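Tertiary structure, described
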Amino acid sequence: GAVVSQHPSRVICKSGTSVKIECRSLDFQATTMFWYRQFPKKSLMLMATSNEGSKATYEQGVEKDKFLINHASLTLSTLTVTSAHPEDSSFYICSARGPEGTYNEQFFGPGTRLTVL
Amino acid sequence: AQKITQTQPGMFVQEKEAVTLDCTYDTSDPSYGLFWYKQPSSGEMIFLIYQGSYDQQNATEGRYSLNFQKARKSANLVISASQLGDSAMYFCAMRDNYGQNFVFGPGTRLSVLP
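Source: prediction; values computed, not measured.

Within chain B, the regular secondary structure consists of zero helices and 12 strands. The N-to-C order of helical and strand elements in chain B reads β-β-β-β-β-β-β-β-β-β-β-β. Principal-axis analysis of the C-alpha atoms gives chain B an extent of 40 × 25 × 20 Å. Buried positions account for 49% of the 114 residues belonging to chain B. In chain B, of all internal contacts separated by at least 6 residues, the share reaching a separation of at least 24 is 55%. Within the structure as shown, chain B displays about 5,500 Å² of accessible surface, and the carbon and sulfur contribution to it stands at 49%.

Below, the discussion takes up unusual backbone geometry. The linkage connecting His7 of chain A with the following residue, Pro8 of chain A, adopts the cis geometry, with an omega of 0°. For Ser83 of chain A, which is not glycine, the phi torsion reads 45° and is therefore positive. As for its position among the elements, Ser83 of chain A is in the loop between strand E8 (76-81) and strand E9 (90-97). The backbone of Lys16 of chain B sits at a positive phi, close to 80°, despite the residue not being glycine. Turning to its location among the elements, Lys16 of chain B is positioned in the loop between strand E2 (10-14) and strand E3 (19-21). For Lys16 of chain B, a relative accessible area of 70% puts it in the exposed group.

Another aspect to go through is the interface of chain A and chain B. Counting from both sides, the interface comprises 18 residues of chain A and, opposite them, 18 residues of chain B. Where chain A abuts chain B, roughly 1,500 Å² becomes buried across the two surfaces, and 51% of that area is made up of carbon and sulfur atoms. Where chain A touches chain B, the interface holds zero salt bridges. There are three residue pairs in polar contact (both at pLDDT 80 or more) connecting chain A and chain B. By residue number, the principal contributor to the side of chain A that touches chain B is strand E4 (residues 32-38) of chain A, which donates four residues. The residue makeup of the side of chain A that touches chain B, split by class, is eight nonpolar, seven polar and three charged.

This part takes up the pattern of salt bridges. Pairing between side chains becomes possible if they bear opposite charge and their charged atoms approach one another. For the structure shown, the criterion picks out four salt bridges over all chains. Of the charged contacts, one joins Lys66 of chain A and Asp88 of chain A as a salt bridge, the two residues approaching to 2.7 Å between their closest N and O atoms. Here Asp88 of chain A lies in the loop between E8 and E9 and Lys66 of chain A lies in the loop between strand E6 (57-58) and strand E7 (67-73), a separation of 22 residues in the sequence. Residue classification places Lys66 of chain A among the buried residues on the basis of a relative accessible area of 12%. Using a relative accessible area of 5% as the deciding quantity, one classes Asp88 of chain A as buried. A salt bridge links Lys73 of chain B to Asp26 of chain B; its shortest N-O distance comes to 3.6 Å. Here the residue Lys73 of chain B occupies a position in the loop between strand E8 (64-69) and strand E9 (74-79), and Asp26 of chain B occupies one in strand E4 (residues 24-26), the gap between them amounting to 47 residues.

The next thing to look at is the packing of aromatic side chains. For any pair of aromatic rings, the description consists of the separation of the ring centres together with the inter-plane angle of the planes. Tallied over the entire structure, the rule returns 16 aromatic pairs over all chains. The interplanar angle of 85° and the centroid separation of 6.3 Å between the aromatic rings of Phe91 of chain B and Phe104 of chain B together place this pair among those described as edge-to-face. With Phe91 of chain B in strand E10 (residues 88-95) and Phe104 of chain B in strand E11 (residues 102-104), the pair connects residues that are 13 residues apart, well separated along the chain. Each member of the pair, Phe91 of chain B together with Phe104 of chain B, is buried. A network of ring pairs unites the aromatic residues Tyr36 and Phe108 of chain A together with Phe35, Tyr37, Phe47, Tyr50, Phe91, Phe102 and Phe104 of chain B as a single cluster. A cation sits over an aromatic face here: Arg63 of chain B above Tyr64 of chain B, 5.7 Å from the ring centre.

The rules we used
- Residues numbered from 1 in each chain as written.
- Chains lettered and ligands numbered in written order.
- Predicted model: local features only at pLDDT ≥ 70, side-chain atom pairs only at ≥ 80, totals over all residues.
- Heavy atoms only, no water.
- Helix = DSSP H or I, 4+ residues; strand = E, 2+ residues; numbered from the N terminus.
- Buried < 20%, exposed > 50% of the residue type's maximum accessible area, 1.4 Å probe, protein only.
- Contact = heavy atoms within 4.5 Å.
- Areas by Shrake-Rupley, 256 points an atom, 1.4 Å probe, with all protein chains shown as cover.
- Buried area = accessible area lost by both parts, 1.4 Å probe.
- Salt bridge = Lys/Arg side-chain N within 4 Å of Asp/Glu carboxyl O.
- Polar contact = N/O pair within 3.5 Å; in protein donor to acceptor, adjacent residues only side chain to side chain.
- Nonpolar A, V, L, I, M, F, W, Y, C, P; charged D, E, K, R; others polar.
- Phe/Tyr/Trp six-rings, centres within 6.5 Å; stacked < 30°, edge-to-face > 60°.
- Lys NZ or Arg CZ within 6 Å of the ring centre and 35° of its normal.

The structure is reproduced here in structure tokens:
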């Protein structure tokens, strides 16, 4: 149980385009989801916390207008990288706070590798 | 603010031997949770083991055990009988009492040698 999927797993786009990444909790309802960014050989950096039905809470230094987060349902959160540029190329990972009884854990998606040309 | 330190950027271990990956943390919260994750080259984060700050016993999960020393604020991961498939990045992480704040350490790259 507690499976999180991400789509797409890999995306290559041209500079200036927008890219949407989906994060889904497959077998549980996730009121809270998290978006991380990971640079090569670096640790995960929390970008924002997404709560269903409300605005996301962004970490300091993360551009809200650049990284749009929507958590419209209990099983889906989306991250849209708007007007992507090469410096946005990174590995993006989402996670979901576990179902009732497993609040200790975050369940991670497999990640999305974004390459902006 | 919470902080996780992993002082070993890279570690080598011979297959079938045990290895300890260090993790120290800093928090002012009396209640917190500590996690270890494995990240292979594929990128997925694989949950290994969890230790609650009030747990009396050290957590164990198969070949993984957590050496929790609360007074020293350390939560080292011990992998027994290393396997080639254990080669990966290992991250120590901590969450606060409400599960909203999840902080990762910089990671340790473990290489298991045949």
